[in-house]
Amino acid sequence: MRARQEYNTMKRMMRRMMAWAFGRKIMGIQMVSCREVSQVLQDYLDGELSRAERRSITAHLALCSECRAFLSTYRETLSLLGRLPSTPMSRKFSEGLENLLLDRLSH
Amino acid sequence: MILHVSWTISGDGKPNPHLEATLSEAEAALVGRLVEREESALLEVLTDHQSRIFNLALRITGSVEDAEEVTQDTFLRMLDKVQQFEGRASLGTWLYRVGTNQALMKRRSTGRRQEQSWDDPMAAFTEDGLHATPIRKWRGSVLDIQKEETARIVRQAVDDLPEDYRNVIVLADLEGRSRQEIAEILEISVPAVKSRLHRARLALRTKLAAEFEEAKE
Ligand SMILES: [Zn+2]
């Protein structure tokens, strides 16, 4: 119970620190918000960000477990879509189509 | 299909490739046989393309009945047009274009369902720009798309998307078409394709998360 409380306190503290950092430059890296990360995920995955933008995202991901989970589930969404199995056509329709077209062909 | 590439330099000094596809000899011969009304040529085309056109139409229309109608109309149109077939695109590309347009029109004309309202994906953040609700990983067990249940959930989520979102998701992420091609098919700009696609993916991710997230600890 106590451990749980402490964990939640730490988590709140992390969120405060992150919110403080957004928009600031730390060690030469522009810190961006979770919202900004989600806005550029597509460009990030497509490799279309500048080096500096990329570093901002990488730094954010290193600090933020939520955005890491967000990125991994965004990727999983794309992967599921790309592997969606095709639906077989019914035999009845396929045969009907073939007959219709053959019939049309001979006229 | 044979691709010819030529380069021009645009105003900003960037080289632009121009691709022009011409029919390969085998494909030109196939079209020739179709023009001659050869049955074997028709059967060959059906074997090669019907399942692809049907699935494309099914993904856009969300209805087996509509997809069958679109598939039939697409091949009927091919028989009508084969004489004046320009030969600038491959037969497969031509069928695909016609099938896409027919399916988009079909979906629009039926308007058979009330579109669900979708939350703006950008609204899921606090004022500070943090995630408003905890983001959890997804259960590994649900990520097997070969599982009927998973495939059903993904199909349903795509089908429930608003039209603009659904069309770009289907063409880009299910069918693997390029942004340029999608822009031409939907008659919108490439940047519009990109921004719609991103918003659609965010909306879809949120929708799937509701089904796939690990239980709260
Ligand atoms: Zn974050």
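Residues numbered from 1 in each chain as written. Chains lettered and ligands numbered in written order. Predicted model: local features only at pLDDT ≥ 70, side-chain atom pairs only at ≥ 80, totals over all residues. Heavy atoms only, no water.

Caption draft 1: Region of interest: the coordination of the zinc ion. Residues and elements named next belong to chain A. The coordination sphere of the zinc ion, as far as protein atoms go, consists of Cys34 (SG), His60 (NE2), Cys64 (SG) and Cys67 (SG), spread over 2.0 to 2.4 Å. Each of the four donor atoms bound to the zinc ion contributes to angles spanning 98 to 115 degrees, and the resulting shape is tetrahedral. The sequence motif formed by the donor residues of the zinc ion is C-x25-H-x3-C-x2-C. Pair noted here: Cys34 is in helix α2 (residues 34–45) and Cys67 is in helix α4 (residues 65–82), with a separation of 33 residues, a long-range link. The burial state of Cys34 is the same as that of Cys67; both residues are buried. (Donors = N, O, S within 2.8 Å, 3.2 Å for Na, K, Ca; no water. Tetrahedral: all angles 85-135°; square planar, octahedral: opposite > 155°, others 65-115°. Helix = DSSP H or I, 4+ residues; strand = E, 2+ residues; numbered from the N terminus. Buried < 20%, exposed > 50% of the residue type's maximum accessible area, 1.4 Å probe, protein only.)

Caption draft 2: Geometry of empty space enclosed by the protein. Residues and elements named next belong to chain A. Applying the stated criterion across every chain, the model contains one cavity of 30 Å³ or more. Estimates place the volume of the largest cavity at around 30 Å³. Along the walls of the largest cavity sit Met18, Ala21, Phe22, Met31, Val32, His60 and Leu63, which together make up its complete lining. Secondary-structure elements contributing two or more residues to the lining of the largest cavity are α1 (2–21) and α3 (51–63). Split by residue class, the lining of the largest cavity holds six nonpolar, one polar and no charged. (1 Å grid on protein atoms, 1.4 Å probe; cavity = no way out; pocket = protein on both sides within 12 Å on 5 of 7 lines; lining within 4 Å. Points joined across faces, edges and corners; volume = space filled by probe spheres on them. Nonpolar A, V, L, I, M, F, W, Y, C, P; charged D, E, K, R; others polar.)

Caption draft 3: Inspection of the packing of helix α2 (residues 39–61) of chain B against helix α4 (residues 91–110) of chain B at higher detail. Residue and element names in this part refer to chain B. One way to put it is that α2 packs onto α4 with a least axis distance of 9 Å and a crossing angle of 30 degrees. Our classification of the angle between α2 and α4 gives roughly parallel. Between α2 and α4 the crossing geometry is right-handed. Listed contacts from α4 to Val45, His49, Arg52, Ile53, Leu56, Ala57, Ile60 and Thr61 of α2 are Leu91, Gly92, Leu95, Tyr96, Gly99, Thr100, Ala103, Leu104, Lys106 and Arg107. Here the contact of α2 with α4 is composed, by residue class, of ten nonpolar, five polar and three charged. (Axes fitted to C-alpha atoms, helices over the stretch in contact; angles between N-to-C directions. Parallel < 35°, antiparallel > 145°, perpendicular 65-115°, else oblique. Left-handed = near helix turned anticlockwise from the far one by under 90°. Contact = heavy atoms within 4.5 Å.)

Caption draft 4: How the structure looks around the domain arrangement of chain B. Residue and element names in this part refer to chain B. Entries for chain B in the domain assignment read domain 1 (24–110) and domain 2 (121–216). Between domain 1 and domain 2 the total buried area reaches about 1,200 Å² when both faces are included, carbon and sulfur atoms providing 48% of it. Among the residues of domain 1 in contact with domain 2, Arg59, Tyr96 and Arg97 are the three that bury the most area, contributing 44% of the side total. Counting every contact that joins domain 1 to domain 2 gives four salt bridges. A salt bridge links Glu175 to Arg59; the nearest nitrogen and oxygen atoms lie 3.2 Å apart. Across the domain 1-domain 2 interface, the total number found is five residue pairs in polar contact (both at pLDDT 80 or more). (Domains from an automatic or database assignment. Buried area = accessible area lost by both parts, 1.4 Å probe. Salt bridge = Lys/Arg side-chain N within 4 Å of Asp/Glu carboxyl O. Polar contact = N/O pair within 3.5 Å; in protein donor to acceptor, adjacent residues only side chain to side chain.)

Caption draft 5: How the structure looks around the pattern of salt bridges. On inspection of all chains with the given rule, the structure shows 17 salt bridges over all chains. For Arg196 of chain B, the salt bridge goes to Asp164 of chain B, with nearest N and O atoms at 3.8 Å. Pair noted here: Arg196 of chain B is in helix α8 (residues 190–212) and Asp164 of chain B is in helix α6 (residues 163–174), with a separation of 32 residues, a long-range link. For Asp164 of chain B, a relative accessible area of 41% gives the class partly exposed. Glu181 of chain B serves as the salt-bridge partner of Arg177 of chain B, at 2.9 Å between the closest nitrogen and oxygen. Like Glu181 of chain B, Arg177 of chain B is buried. Within this structure, Asp43 and Glu48 of chain A together with Lys194 of chain B form a network of salt bridges that share partners.

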